[in-house]
Amino acid sequence: MAIWFDEIHKDSTRFGCKIERTLFVGQSPFQKVTIVETSALGRALLLDDLWMCAEGEEKTYHELITHPALTCAPRIERVLIIGGGDGGTAREVLRHPEVKHVDMVEVDGMVVDASKEFLGTIGTAWNDPRLTVMIDDGIEFVRTATQGYDVIIVDGSDPQGPAVGLFNEAFFRNCAKLLSDNGVFVTQSESPNLQRDVHIEMVQTLQRVFPKVHPYYDTVTIYPGGTWSWCFASKGVSPHEPNLERVARVEQHTDVYNREMHHGVFAVPNALKRIFAGG
Ligand code: SPD
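Predicted, not measured: the structure shown is a model, and the values here were computed from it.

What counts and what doesn't
Chains are numbered independently. Their residues run from 1 in the order of the written sequence. Whole-chain, interface and lining totals are the exception, using all residues; otherwise, since this is a predicted model, local features are given only for residues with pLDDT of at least 70 and side-chain atom pairs are given and counted only at 80 or more. As a convention, hydrogens and water are excluded, and side-chain values are obtained from all of the structure's heavy atoms. Here, nonpolar core means buried Ala, Val, Leu, Ile, Met, Phe, Trp, Tyr and Cys residues that are tied together by side-chain atoms lying within 4.5 Å of each other. Each residue's exposure class comes from its accessible area (1.4 Å probe, protein chains only) as a fraction of the maximum for that residue type: buried when under 20%, exposed when over 50%, partly exposed otherwise. Runs of H or I in DSSP of at least four residues are treated as helices and runs of E of at least two as strands, each being numbered from the N terminus. Note on pairing: two strands pair once DSSP finds at least 2 bridges between them. Pairing of aromatic side chains requires ring centres within 6.5 Å, counting the rings of Phe and Tyr and the six-membered ring of Trp. Pairs whose planes differ by under 30 degrees are stacked, by over 60 edge-to-face, and all others tilted. Only Lys NZ and Arg CZ are tested; either one counts as a charge over a ring when it is within 6 Å of the ring centre and within 35 degrees of the ring normal. The axes are straight lines fitted to the C-alpha atoms, using for helices just the contacting stretch, and the angles between their N-to-C directions are given from 0 to 180°. Pairs of residues are marked as contacts when any of their non-hydrogen atoms sit within 4.5 Å. Residue ranges assigned to the domains are those given by an automatic or database domain assignment. Accessible area that two parts lose when put together, evaluated with a 1.4 Å probe and summed over both, is termed the buried area. Counted as a polar contact is a pair of N or O atoms within 3.5 Å, where, for protein atoms, one must be capable of donating a hydrogen and the other of accepting one, and residues adjacent in sequence contribute only when both atoms are in side chains.

### Some remarks on the nonpolar core
Here comes step 1: Counting residues in hydrophobic clusters, the biggest one holds 45 residues, and the most contacted among them are Leu70 and Trp230.
Here comes step 2: With 6 residues, helix α1 (residues 58–72) is the largest single contributor of residues to this core.
Here comes step 3: With 31 residues, the next largest nonpolar core counts Val142, Leu166, Ala233 and Leu272 among its residues.

### Concerning the pairing of strand β1 (residues 3–9)
On any regular strand, side chains alternate: one points to one face of the sheet, the next to the other face.
Here comes step 1: Note that β1 and strand β2 (residues 13–27) share 7 bridges and pair antiparallel. Directly across from tryptophan 4, in β2, lies its bridge partner lysine 18.
Here comes step 2: Hairpin geometry of β1 and β2 is characterised by an intervening segment of 3 residues between the two adjacent antiparallel strands and by a positive phi of about 50° at lysine 10.

### A short note on the packing of aromatic side chains
Here comes step 1: According to the stated counting rule, one finds 11 aromatic pairs in the structure shown.
Here comes step 2: With a centroid separation of 5.7 Å and an interplanar angle of 85°, the aromatic rings of phenylalanine 5 and tryptophan 51 are classed as edge-to-face. Placement of phenylalanine 5 in strand β1 and of tryptophan 51 in strand β5 (residues 50–54) is noted, with a sequence separation of 46 residues between them.
Here comes step 3: Assessed through its relative accessible area of 22%, phenylalanine 5 is described here as partly exposed.
Here comes step 4: Classification of tryptophan 51 by relative accessible area gives buried; the value is 2%.
Here comes step 5: When the ring of phenylalanine 172 is compared with that of phenylalanine 185, the centres are 5.8 Å apart and the planes differ by 70°; the resulting orientation is edge-to-face. Of the two residues, phenylalanine 172 sits in helix α5 (residues 169–178) while phenylalanine 185 sits in strand β10 (residues 179–188), which places them 13 residues apart along the sequence. The same class applies to phenylalanine 172 and to phenylalanine 185, which are both buried.
Here comes step 6: Three or more aromatic residues joined by ring pairs form one cluster here, namely Tyr61, Tyr216, Tyr223, Trp228, Trp230, Phe232 and Phe266.
Here comes step 7: Taking NZ or CZ as reference, arginine 78 lies 4.5 Å from the ring centre of tyrosine 149, over its face.

### Description of the sheet that holds strand β11 (residues 212–219)
Here comes step 1: Strand order in the open sheet made by the 7 strands is β8-β7-β6-β9-β10-β12-β11, with mixed pairing throughout. The open sheet has two edge strands with one neighbour each: β8 (131–135) and β11. With strand direction ignored, the average angle separating the axes of adjacent strands in the sheet is 15°.
Here comes step 2: Of the pairings in the sheet, the one linking strand β6 (residues 78–83) to strand β7 (residues 101–106) comprises 5 bridges and is parallel in character. Its bridge partner being in β7, arginine 78 is matched across the sheet by histidine 101.
Here comes step 3: Contacts between helix α6 (residues 196–209) and the sheet are confined to β10, β11 and β12 (227–234), with β11 contributing the most and set at about 155° to the helix.

### Digging into the domain arrangement of the chain
Here comes step 1: Taken domain by domain, the chain consists of domain 1 (3–54) and domain 2 (59–277).
Here comes step 2: Between domain 1 and domain 2, the residue contacts involve 26 residues of the former and 21 residues of the latter.
Here comes step 3: Summed over both partners, the interface of domain 1 with domain 2 comes to about 2,200 Å²; 72% of that surface belongs to carbon and sulfur atoms.
Here comes step 4: Area buried by domain 1 at its contact with domain 2 is led by Phe30, Met52 and Cys53, which between them contribute 22% of it.
Here comes step 5: Where domain 1 touches domain 2, the interface holds 5 residue pairs in polar contact (both at pLDDT 80 or more).

Below you can see the structure in the form of structure tokens.
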């Protein structure tokens, strides 16, 4: 009999894949960590039974959480990733030769260990000498860190369990403090359809912290609703003027991100546009 795994969303919708086998299940101090082999999308990571990424569809998420910021920030020498334990975001950040140092702060060592063992096609840059992985609380890290960053990327889970604190104003303010004046902050910001309230609140909270906030959208097959969002926030850097040399260089390696997409993803649906403009 076929085995299916469904992410149940708000007791009203579900998003499922047929499973060939389960490769890893562990209960860390923070959450349940599962890695399965799906029939359609290869190996996939779930945290507390929520889909995080799958080999066959992770490119959109990881390329888009990374390259809009890394092509727009004037300096990209020092990058901070909060979360990102599967290694996909670090892989994309490290494609940029101007990046000299990446600190990745992931709260759950089990996610990193299981991803290294079972998701080797996603985390391909673990051995890059520019990457430092710290198993630590990212919320506390940004509260106490003193050395700044040119780009900060929050690649966390959904707002439950250990990720709850990655969605509030205090956390965003601490990130803003750590960000260089011409820096760019990016966070995943949930589904504009099925988690609309969370998405809107995130954008509005970020608008209280950063002078410029630009949500952007694309499809992530395994996330609730299919359409996903990220927010690009800065003290003054525009997302509309990427460094075209960097774009040209990185798009030789990307499956999804390119110059046209860079501009297209920042189109905001009308109803949301009115809300974000305060109308
Ligand atoms: N609904 C899932 C949202 C999770 C976003 N982070 C995924 C981690 C991939 N690196």
